[in-house]
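Residues per chain are reported as follows:
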Amino acid sequence: MHSGERTGMVETSGVLDALAGLVWTARADGRCDFVNRGWHDYTGLGLDDARDHGWQTVIHPDDRPSFLAAWDVIRQAGTVDDIDARLRRFDGEYRWFALRPSPFPAGAQGDPSWCWLAIDIDEGPSTDGRMRRLLDRLPIQVAFLNLAGTSEYSNRKTLDDYGMTLDELVQWQTSGAIHPDDHPVVHEQLERLMTTGEMFDAQVRMHYKDGTYRWMRCLCVPFRDAQDNVVRYVTCQLDIDDRKRAEALLAAEVALLEMVARGETLPRVLDAVSRHVEDLCTDCHCSILVVAPDRKHFWVGAGPSLPDEYNRILDGKTIDAGYGPCSLAVVEKGPIITADLANDPRWEGSIWPPLMKTYGYASCWSMPILSISGEISAIFAIYRRQPVAPTAEEQELIDRFTKLTGIAIDRAQADAALQISEGELRAALAQLSEGQRLNKTGSFTADLTIDQHQWSDEYYRIFEIDPATPPRVQAVRDRVHPDDLALFDAEIQRGIEGHGADFTFRVVTPTAGLKYLRGVAHLIDTVAGRPIFMGTVQDITDSKLAEEALRASSAELRRINMQLTDAHRLSRTGSFTWDVLADDHAWTEEIYRLFEFDPDTKVDMRMMFEAIHPDDRQKVEQLVQQASEGTDFDLEFRVVPRSGSVKHARVVGRRVGLATDRPIFMGALQDVTSSKLAEDALNRARSELAHVTRAAALSALTASIGHEVNQPLSGILTNANTCLRMLAADPPNVVGASETARRTIRDANRAAEVIKRLRALFANKAPAMERIDLNEAARELIALSSSELQRGRVVLQTQFAGNLPIVEGDRIQLQQVMLNLLLNAADAMAEIEDRPRIVAVETAVGPEGDVKLLVRDSGIGVDPQIVHRLFDPFYTTKSQGMGVGLSISRTIIENHGGRIWAVPNDGPGATFGFSIPPAGGPAGAIG
């Protein structure tokens, strides 16, 4: 290198070091031979590091392939162009640079070199003038948002559309620029953008400076630096309001046409029309008034957002041209626009303007809806709260929906007329078909000559022929009974000759088997010389079989009636029907026999009451009252016929129907005199047997009674002798004698009480129901039998429940049951020597509120397999037992509405117990 060249290179190096950018030179093969200070300061690499291809290591690995490809294009073309790439800073951070290569003249060796200049273009917080001017010229809205979502920059289009300053748009989230209903969508999309980097793409309504909202498509993407860090967000907003309105209008029209095509009801279609118009026409309230068939009134087809009261006023309103624009539109058959109600002279004197003012409306646009015939079928009315006329866009919108509404009304009216016609036709066909089915009659038309026919559904069903089978004579002939084929063929031949028919024949079908049919045919026309018949085939099988069955059943009914009469006589039971309110009676002979009435007599309630026992007339009167109300009955009463003999009867009646709103009963009345007398005799026998068992227990209690009575008698004798000695003393001991006399009286009362209890226990009295303290009754019985228990070395334990409810029953009978259980327990332990003889008596309240008494012994126990037989009459496990004690005890307890039982103990012995329901009313407290 010449000294002049070297001096020039040194000077050039100084100039390149002074540049703010990064400068280096490289040969055509990519080897570097110079870097300036800017390069060294930014990359931290010197010339030695950058030599050869080392300078390319600072290029981001992802950008290196595209960089080399772009440089290769520049080298071959020899043109100058920028290449964007990220360069690594000395601290490892990457920044975007614009790399511009410029060719050097070929050197002494002829190798071309390139001088590279790298300008830092990484995104900063501001936008340069060229970018701002570019964005301001764009016909779309563009804005930059910082990482907090606050606006950094908005282009001129954005500021002009919203009529806001940049400072006002900074607070775009709260400034009212976005429709309130769209805020949730914007916030959700923005949060997703900021957290996940997912592109913001939403359709929102923006508030323009003219006060209207327009639909915008907002696209917002993150802008990243060389480190792939988000430094801001760029948003573009495209006005899609016209497209949205067109799409909404098209969708609404399609939806309405689909509703019409589906045959939706007219009110639903009109309601949908009104709602679509209200959605597409801002701040309007839509109403559709349908002209009534009389052409004199309206009825409200729809008015979803109008006040209900206002709709009620319009519904049924007379069409009056002086009342309001809707009526005038009908009369003039044209649109009536009332843009400023307050200043429109056409409605002076009408009550319509004050009504409109009441509901806050200031304008009304009334558009007639024409039917296909050119008549006005309805009025389309748009109400606004501002005095305005429709814009061209709104007028076009209303015109389109007016035509759709006319189509819907025409379709609804046509459908209604068609439905009425179809309904009448279906009703006629259904009646005919049902009539044929009920009457089992099929109809047909027949051209026998060419064997062409038409059959009804019932005709196919009668012959059980598949409806898909062609109607031919042979299909019927295949069903004819073999014995009737000759008759059938003869009638067909007569038909071919032009003669009518009326004959009965039999067929055999796959399912029903044998059927009797009647065929009737009449000549109705002649075609080309061929007779045409219309006729019917009726299934008369039921009537034929009924005739045969009637003959057979008549004899059977006579036989059954004789059997029924004999059965009534043997069971002394008669049947009846009774029309209560009409006092009409139908009796069988057995009831006449019971009352001893003449069977030819017309019976009424007065005659019956005269024959009823006086003591039973009241309950029979109650039965008649219940029956008059339709209530079933079941009653026993006595009859005293003319012979004077008392008869017992039981009557049962069930309501079977209504005749002119009168209750009708069917029932039976049975003479139960024999069973009643037998039952009374049985009850007397049971009472006497119970008395015998009580008397039989007397011998077992003799020692106890003697002990109980002897004690107070001994006390009386001792007290009397003591009293005499005290009176004979000098002076007499009157105080002591008085005290001794009182003890004498006490012991006498004790003896009397023992005798009283004994007489009551063994007295043969009729049962007497009373309120009983079961604990007290048990204590009395235990006191009477204590000596007997002591003699048998029985240890008696008691556990009486507190607050035990009072029971209602016969005290003596219940004590008899207790005595029986107590003595049975003592007998069960008579042979026990290896353990204490313990009897426990316990009272308690059962889980269902019943009062129970338990007697538990430690005796020989009972066999679980015979427990259920212990209470049977004459069954006993004792060698000397009669087997009646427990049987009578069960009868007594069951007569008290309770139950009695026995169970083996877990250990030795058994437990016998009974329970009876508590008395009505509040329970008494028992200590």
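If you're wondering where the values come from, they're calculated on a predicted model, not measured in any experiment.

What follows concerns the overall build of the chain. In terms of helices and strands, the chain carries 27 helices and 32 strands. A total of 927 residues make up the chain; the buried ones form 41% of that total. Residue pairs at least 24 apart in sequence account for 52% of intrachain contacts in the chain once pairs closer than 6 positions are excluded. Carbon together with sulfur atoms contributes 54% to the accessible area of the chain, which is approximately 50,200 Å² in total.

Our focus in this paragraph is the environment of Pro 103. With respect to the element layout, Pro 103 can be found in strand β4 (residues 94-104). You can call Pro 103 partly exposed: its relative accessible area is 43%. Between the alpha carbons of Pro 103 and Val 80 there is a distance of 8.2 Å; along the sequence they are 23 residues apart. Other than its neighbours up to four places away in sequence, Pro 103 contacts Val 80, Ser 113 and Trp 114.

Turning our eyes to something else, we now look at the sheet that holds strand β3 (residues 83-88). Reading across the sheet, the 5 strands line up as β2-β1-β5-β4-β3 and stay open at both edges, with antiparallel pairing between neighbours. With partners counted over all chains shown, the strands left at the sheet margins are β2 (32-35) and β3, one partner each. Strand-to-strand twist across the sheet, computed as the mean angle between neighbouring axes with direction ignored, equals 30°. Bridging between β3 and β4 involves 6 bridges; their strand directions are antiparallel. Directly across from Arg 88, in β4, lies its bridge partner Tyr 94. Relative to strand β5 (residues 113-120), helix α4 (residues 64-77) is tilted by about 130°, and along the sheet it contacts β1 (22-27), β3, β4 and β5.

Tallied over the entire structure, the rule returns 0 disulfides. Here Cys 218 is not cross-linked by a disulfide; its sulfur's nearest cysteine counterpart is in Cys 220, at 8.8 Å. Judged by its relative accessible area of 5%, Cys 218 falls in the buried class. A disulfide-free cysteine, Cys 364 has its sulfur positioned 4.8 Å from the sulfur of Cys 326, the nearest such atom. Look at Cys 364 and you get buried, because its relative accessible area is 0%.

At a closest axis distance of 10 Å, the pairing of helix α10 (residues 266-280) and helix α14 (residues 392-439) adopts a crossing angle of 175°. By the angle class used here, α10 and α14 are roughly antiparallel. From α10, Leu 266, Val 269, Leu 270, Val 273, His 276, Val 277 and Leu 280 reach across to α14, where they touch Leu 397, Phe 401, Thr 405, Ala 408, Ile 409 and Ala 412. Residue classes in the contact of α10 with α14 are distributed as 11 nonpolar, 2 polar and no charged.

A few words on the sheet that holds strand β19 (residues 513-527). Pairing in this open sheet of 5 strands is antiparallel, and the strands run β17-β16-β20-β19-β18 from one edge to the other. Every other strand in the sheet has two partners, leaving β17 (452-455) and β18 (501-509) as the edge strands with one partner each. Neighbour-to-neighbour, the strand axes of the sheet open up by a mean angle of 25°, direction not taken into account. As defined by bridge partners, β19 adjoins strand β20 (residues 530-539) across 10 bridges and the pair is classed as antiparallel. Following the sheet pairing, Leu 517 is matched in β20 by Asp 539.

Per the stated rule, a full pass over the model turns up 5 cavities of 30 Å³ or more. Taken together, 23 residues form the lining of the largest cavity, with Phe 444, Leu 448, Tyr 459, Phe 488 and Ile 492 sitting closest to its centre. Those elements giving two or more residues to the lining of the largest cavity turn out to be β16 (441-447), β17, α15 (457-463), α16 (473-477), α17 (485-496), β18, β19 and β20. The greatest single-element share of the lining of the largest cavity, amounting to 4 residues, is contributed by α17.

Scanning all chains against the criterion turns up 44 salt bridges. Ionic pairing is found between Arg 384 and Glu 394, a salt bridge with its closest N-O pair at 3.2 Å. A residue pair is termed long-range when its members are at least 10 positions apart, and Arg 384 in strand β15 (residues 376-384) and Glu 394 in helix α14 qualify at 10 residues. Across the pair, Glu 394 and Arg 384 agree in class, each one buried. Among the salt bridges present, the one from Asp 616 reaches Lys 619, with a minimum N-O distance of 3.8 Å. A relative accessible area of 5% means that Asp 616 is categorised as buried. Bridged by salt links that share partners, the residues Arg 89, Asp 91 and Glu 93 form one connected network.

For the rest of this paragraph, the subject is the pairing of β20. Summarising the sheet, β16 and β20 pair through 6 bridges and their orientation is antiparallel. Its bridge partner being in β20, Phe 444 is matched across the sheet by Gly 535.

For helix α12 (residues 325-332), the tally of buried residues reaches 6 of 8 residues, placing the bulk of the element in the interior. Of all the residues in α12, the buried ones are Pro 325, Cys 326, Ser 327, Leu 328, Ala 329 and Val 330. Residues of α12 that are buried sit in contact with β11 (284-291), β12 (298-302), β13 (336-338), α13 (352-358), β14 (363-370) and β15.

For the rest of this paragraph, the subject is the side chain of Asp 410. Looking at the secondary structure, you find Asp 410 in helix α14. The buried charged residue Asp 410 lacks any salt bridge partner; its closest oppositely charged side chain belongs to Arg 295, at an N-O distance of 9.3 Å.

Cis geometry marks the peptide bond from Asp 730 to Pro 731; its omega dihedral reads 0°. The residue Pro 731 is located in the loop between α23 (698-728) and α24 (734-762) in this model. Even without glycine at this site, Ala 528 takes up a positive phi of about 55°. Within the secondary structure, Ala 528 sits in the loop between β19 and β20. The phi torsion at Asn 803 lies on the positive side, around 55°, for a residue other than glycine. Along the chain, Asn 803 turns up in the loop between β27 (795-799) and β28 (807-810).

A word on the packing of helix α26 (residues 811-828) against helix α27 (residues 885-895). Here α26 crosses α27 at 145°, and the two axes come no closer than 10 Å. Relative to α27, α26 is oriented so that their crossing is left-handed. Residues Gln 813, Leu 814, Gln 816, Val 817, Asn 820, Leu 821 and Asn 824 of α26 form the contact with α27, whose participating residues are Gly 885, Leu 886, Ile 888, Ser 889, Ile 892 and Ile 893. Among the residues forming the contact of α26 with α27, the class breakdown is 7 nonpolar, 6 polar and no charged.

Looking now at the nonpolar core. One finds Met 818, Val 839, Leu 853, Phe 912 and Phe 914 to be the most contacted residues of the largest nonpolar core, which totals 41 residues. Looking at this core, the elements with two or more residues in it are α25 (774-791), α26, β29 (838-845), β30 (851-857), α27, β31 (899-904) and β32 (910-916). Ranked by residues supplied to this core, first place goes to α26 with 9 residues. If we skip the residues at most four places from it in the chain, Met 818 touches Leu 774, Ala 777, Ala 778, Leu 781, Leu 853 and Phe 914. If you look at the next biggest cluster of nonpolar residues, it comprises 31 residues, including Val 277, Cys 281, Ile 288 and Leu 404.

Moving on, we come to helix α8 (residues 183-196). The terminal C-alpha atoms of α8 lie 20 Å apart, and with 14 residues this matches the ideal 20 Å at 1.5 Å per residue to within 8%. In this structure, the buried residues of α8 make contact with β8 (200-207), β9 (213-224) and β10 (230-239). Following α8 by one or two positions, Gly 197 adopts a phi angle in the positive range, close to 80°.

All right, on to a nonpolar patch on the surface then. A surface patch of nonpolar side chains, amounting to about 290 Å² of accessible area, comprises Leu 19, Leu 117, Ile 119 and Ile 121. Along the polypeptide, Ile 119 turns up in strand β5. Exposure remark for Ile 119: the relative accessible area of 39% places this residue in the partly exposed category.

The rules behind these values
- Residues numbered from 1 in each chain as written.
- Predicted model: local features only at pLDDT ≥ 70, side-chain atom pairs only at ≥ 80, totals over all residues.
- Heavy atoms only, no water.
- Helix = DSSP H or I, 4+ residues; strand = E, 2+ residues; numbered from the N terminus.
- Buried < 20%, exposed > 50% of the residue type's maximum accessible area, 1.4 Å probe, protein only.
- Contact = heavy atoms within 4.5 Å.
- Areas by Shrake-Rupley, 256 points an atom, 1.4 Å probe, with all protein chains shown as cover.
- Pairing = 2+ DSSP bridges.
- Axes fitted to C-alpha atoms, helices over the stretch in contact; angles between N-to-C directions.
- Disulfide = S-S within 2.5 Å.
- Parallel < 35°, antiparallel > 145°, perpendicular 65-115°, else oblique.
- Nonpolar A, V, L, I, M, F, W, Y, C, P; charged D, E, K, R; others polar.
- 1 Å grid on protein atoms, 1.4 Å probe; cavity = no way out; pocket = protein on both sides within 12 Å on 5 of 7 lines; lining within 4 Å.
- Points joined across faces, edges and corners; volume = space filled by probe spheres on them.
- Salt bridge = Lys/Arg side-chain N within 4 Å of Asp/Glu carboxyl O.
- Lys, Arg positive; Asp, Glu negative; His and termini not counted.
- Left-handed = near helix turned anticlockwise from the far one by under 90°.
- Core = buried A, V, L, I, M, F, W, Y, C linked by side-chain atoms within 4.5 Å.
- Expected span 1.5 Å × (residues − 1).
- Patch = residues over 30% accessible without salt bridge, like charges linked within 9 Å, V, L, I, M, F, W, Y side chains within 5 Å.

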